[in-house]
Amino acid sequence: MTVADALMTDLHGSLQDPLLGSIGFLNEVMERYPQAISFAPGAPHPEFYDGVDPARHIERWLGHLESGRGLSRSAARRRLFEYGPSRGLINDLVAGLLRRDEGIDAAPESLVITVGAQEAMLLVLRALYPPGGDVLAVADPSFVGLLGAARLLDIPVVGIDETEDGPDLAALAEACVAARRDGRRVRACYVAPDFANPGGSRMSLAARHRLLELAARHDFLVLEDNTYGFTAAPGDRRPVLKALDRSRRVVHIGTFAKVCFPGARVGFVLADQLVADPAGGHRLLADDLAALKSMVTVNTPPLSQAVIGGILLENGGSLAASGRLRAARYQRNLDRLLDGLSRTLGPAGRPGVRWNRPGGGFFVRVEVPVPVTTELLELSAAKFGVLWTPMAQFYLNGGGARRLRLSCSYLDADHIDEGVARLAAFLKEGF
């Protein structure tokens, strides 16, 4: 008889939350049904890995250290092999990128280079939320990585219904008032203004300005996730919230996963907010994030930073051109998916099946007339050979029970067509 060494109730409550196991479950199903076409992962298309040459990119960055910073060859190479500063090694290059591509004037010291955007979210939430009950507002549905980080840190979260124009700002204002009435406050609001994962909403320019005005009026910070902004159609780019920020209300989080490659695991956070210390001085919020990072991952791997740094240098400090190439691929894939859904599940298709039509991003949400369960996903994979993501895990208040998410980013056209055909068969015959 096996004797347990600990009770589940002795461990942190988040470990019992199904959210933490949701990604692992999807990966497990994909492994068990390798012949199934998967609309589950929000991964970049593999064609963009062809030009990635880590050795060349690292060499380019080493040359930058020698010519641009005056380091000897041996000193530059040591940067690759040592731990390095928690704040990062490529802050100047990322600051230049933000200035060229986004119109953000960011000082390098206001940036922290992180292990993906996920670590940036964890660090920011840890810094902003001491024990005491302040509330985090999020669009509902919202990115599972952000929700998971909040649950790991025991941060109370309030969901704000998502509209096609982003979070319902009237509901956000009401949540701020309600929190104050309860002796708390909304300390921060997480938002992805462009093609949010998973809902696909996109904020208009007017809504972006209204959100910043609301943040000033109710004294909260905006945590901006800019992962999918680059996928906008040509001529339809909208300024990120940080570029509109005139009062340091926005903490801007970015990642190189989609515009370079995810295996590097490099992201960043721009936190230029001033924090008053007891002695009457000030420091940057980025200083505190770097201190927290020193206790979490110590530093982002220098080899990974060097690869990303080399890519930035090879592209003249900008990713706008390569971003447009990627956006064209993802727009073609999205159009192919939407056209296929219309062709196979339009008026003559399965009654009760509806979907949104986002203008960019990686994801389409589909409403179906039955509860979307893990058992239904198993049936879809085993009998019909197609995978997707249940959306209930993205919701706070029990929503999404009859919704699934489709991602078409990493598939080729023929796989999208075949996947849509299998999905249509499943939706017509599977329940």
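Residues numbered from 1 in each chain as written. Predicted model: local features only at pLDDT ≥ 70, side-chain atom pairs only at ≥ 80, totals over all residues. Heavy atoms only, no water.

*Asks:* For this particular structure, what's the right way to read the overall build of the chain?
*Replies:* Along the backbone of the chain there are 14 helices and 16 strands. Over its C-alpha trace the chain gives a radius of gyration of 22 Å, about what one expects of a compact globule, namely 22 Å for 431 residues. Counting only C-alpha atoms, the chain reaches 65 × 65 × 55 Å along its principal axes. Considering the chain as a whole, with its 431 residues, one finds that 53% of them fall into the buried category. (Helix = DSSP H or I, 4+ residues; strand = E, 2+ residues; numbered from the N terminus. Rg over C-alpha atoms; globule rule 2.2 N^0.38 Å. Buried < 20%, exposed > 50% of the residue type's maximum accessible area, 1.4 Å probe, protein only.)

*Asks:* How do you make sense of the pattern of salt bridges when you look at a structure like this?
*Replies:* It is possible for side chains of opposite charge to pair when their charged atoms get near one another. Counted by the stated rule, this structure contains 28 salt bridges. With a closest N to O distance of 2.9 Å, Arg-329 and Glu-47 form a salt bridge. You can see Arg-329 sitting in helix α12 (residues 320-345) and its partner Glu-47 sitting in the loop between β1 (37-38) and α2 (54-69), a full 282 residues away along the chain. On the accessibility criterion, Arg-329 (12% relative accessible area) is buried. (Salt bridge = Lys/Arg side-chain N within 4 Å of Asp/Glu carboxyl O.)

*Asks:* Sorry, what's going on with the environment of Glu-47 here?
*Replies:* Glu-47 sits in the partly exposed class, given a relative accessible area of 31%. Taking the C-alpha atoms as reference points, Glu-47 and Tyr-410, 363 residues apart in sequence, are found 8.7 Å from one another. Polar side-chain contacts of Glu-47 include one of 2.9 Å to the side chain of Arg-329. (Polar contact = N/O pair within 3.5 Å; in protein donor to acceptor, adjacent residues only side chain to side chain.)

*Asks:* I would appreciate a short explanation of the nonpolar core in the present structure.
*Replies:* Within soluble globular proteins, side chains that are nonpolar generally end up buried alongside one another. One finds Trp-61, Val-94, Phe-256 and Ile-308 to be the most contacted residues of the largest nonpolar core, which totals 42 residues. Breaking this core down by element, the ones donating at least two residues are α2, α3 (73-81), α4 (91-102), β2 (111-114), β9 (267-270) and α11 (302-314). The element best represented in this core is α11, accounting for 6 residues. Dropping the residues within four chain positions of it, Ile-308 is found in contact with Ile-90, Phe-256, Cys-260, Phe-261, Ala-264 and Val-266. (Core = buried A, V, L, I, M, F, W, Y, C linked by side-chain atoms within 4.5 Å. Contact = heavy atoms within 4.5 Å.)

*Asks:* Looking at this model, I keep getting lost on the pairing of strand β16 (residues 403-407). Mind explaining?
*Replies:* Each regular strand shows side chains that alternate between the opposite faces of the sheet. Counting buried residues along β16, 4 of its 5 residues qualify, which places the element largely inside the surrounding structure. Of the pairings in the sheet, the one linking strand β13 (residues 363-367) to β16 comprises 5 bridges and is antiparallel in character. Within the sheet, the bridge partner assigned to Phe-363 lies in β16 and is Ser-407. With 2 bridges joining them, strand β15 (residues 389-390) and β16 adopt antiparallel strand pairing. (Pairing = 2+ DSSP bridges.)

*Asks:* Sorry, what's going on with helix α6 (residues 144-152) here?
*Replies:* Most of α6 sits out of view: 7 of its 9 residues are buried. Among the residues making up α6, those that are buried are Val-144, Gly-145, Leu-146, Leu-147, Gly-148, Ala-149 and Ala-150. Of the residues trailing α6, Asp-154 is marked for its positive phi of about 60°.

Treat this as a map of the structure, not an account of what it does.
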